[in-house]
Amino acid sequence: MIRPCCPDDIPIIYAIINKAAKAYRGVIPPDCYHEPYMPMVELKREMTRMTFYGWEEAGELVAVMGFEPVKDVTLIRHAYVLPQWQKKGIGSQLLAYLKSLAKTKRLLVGTWADARWAVAFYEKHGFTLQPVKDELLRTYWDIPERQIETSVVLGLQIARGKKV
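Anyway, here's the lowdown on the structure attached to this text. Given the structure is predicted, the values throughout are model-derived calculations rather than measurements. (Residues numbered from 1 in each chain as written. Predicted model: local features only at pLDDT ≥ 70, side-chain atom pairs only at ≥ 80, totals over all residues. Heavy atoms only, no water.)

Next up on the list: the overall build of the protein chain. Within the protein chain, the secondary structure is distributed over six helices and eight strands. Its C-alpha atoms give the protein chain a radius of gyration of 15 Å, within 12% of the compact-globule value 15 Å for 164 residues. Oriented by its inertia axes, the alpha-carbon framework of the protein chain measures out at about 40 × 35 × 30 Å. The buried share of the protein chain, taken over its 164 residues, is 49%. Contacts in the protein chain between residues far apart in sequence, at least 24 positions, make up 66% of those at least 6 positions apart. With the model as given, the accessible surface of the protein chain reaches about 8,700 Å², and the carbon-plus-sulfur share is 54%. (Helix = DSSP H or I, 4+ residues; strand = E, 2+ residues; numbered from the N terminus. Rg over C-alpha atoms; globule rule 2.2 N^0.38 Å. Buried < 20%, exposed > 50% of the residue type's maximum accessible area, 1.4 Å probe, protein only. Contact = heavy atoms within 4.5 Å. Areas by Shrake-Rupley, 256 points an atom, 1.4 Å probe, with all protein chains shown as cover.)

Written as structure tokens, this is what we have:
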């Protein structure tokens, strides 16, 4: 079941993100990886900027994905599935649901360039690498310069709720 997350979910969102983000260890530049990957203060700040949606199994959240309208686009952010629930279509279903909520004509997602599995996931769902990624990251995200240097942006055009 997909549902919007609420402040009571903060501890489990924190756990999901930080358990799933361990996949980045040894993949992204060492100066960009730390534990916890997303500190609690950062998660609380991010929850004021966007809506997190979660996937429940037997009443427990096992995956989250952020949805953030910014200017003329919608950002898909912080997509994480607990390791034991990965490869079961949960991320795909969450992404499809968030696509259906978008009121903008363009969806963007940023991820680490070296996280090939993440890039492949979004490409499988019709997103394409954007050639002006630095400009997009500076316009729509509030992230450090080092993260801009080591990230990519994928985009998807939407028209009347359908991919073009």
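By secondary structure assignment, the location of K22 is in the loop between α1 (10-20) and α2 (40-49). As a C-alpha pair, K22 and D72 span 50 residues in sequence and 32 Å in three-dimensional space. Excluding its chain neighbours within four sequence positions, the residues that come into contact with K22 are Y33 and E35. A distance of 3.1 Å separates a polar atom in the side chain of K22 from a polar atom in the side chain of E35. (Polar contact = N/O pair within 3.5 Å; in protein donor to acceptor, adjacent residues only side chain to side chain.)

Another aspect to go through is the side chain of E46. Take E46: it is sitting in helix α2. A relative accessible area of 6% places E46 in the buried class.

Let us now look at the layout of surface pockets. The calculated volume of the largest pocket comes to roughly 1,300 Å³. Those elements that place two or more of their residues in the lining of the largest pocket are α2, β4 (73-81), α3 (90-101), β5 (106-112), α4 (116-124) and α6 (145-149). Among the residues forming the lining of the largest pocket, the class breakdown is 24 nonpolar, 10 polar and 11 charged. (1 Å grid on protein atoms, 1.4 Å probe; cavity = no way out; pocket = protein on both sides within 12 Å on 5 of 7 lines; lining within 4 Å. Points joined across faces, edges and corners; volume = space filled by probe spheres on them. Nonpolar A, V, L, I, M, F, W, Y, C, P; charged D, E, K, R; others polar.)

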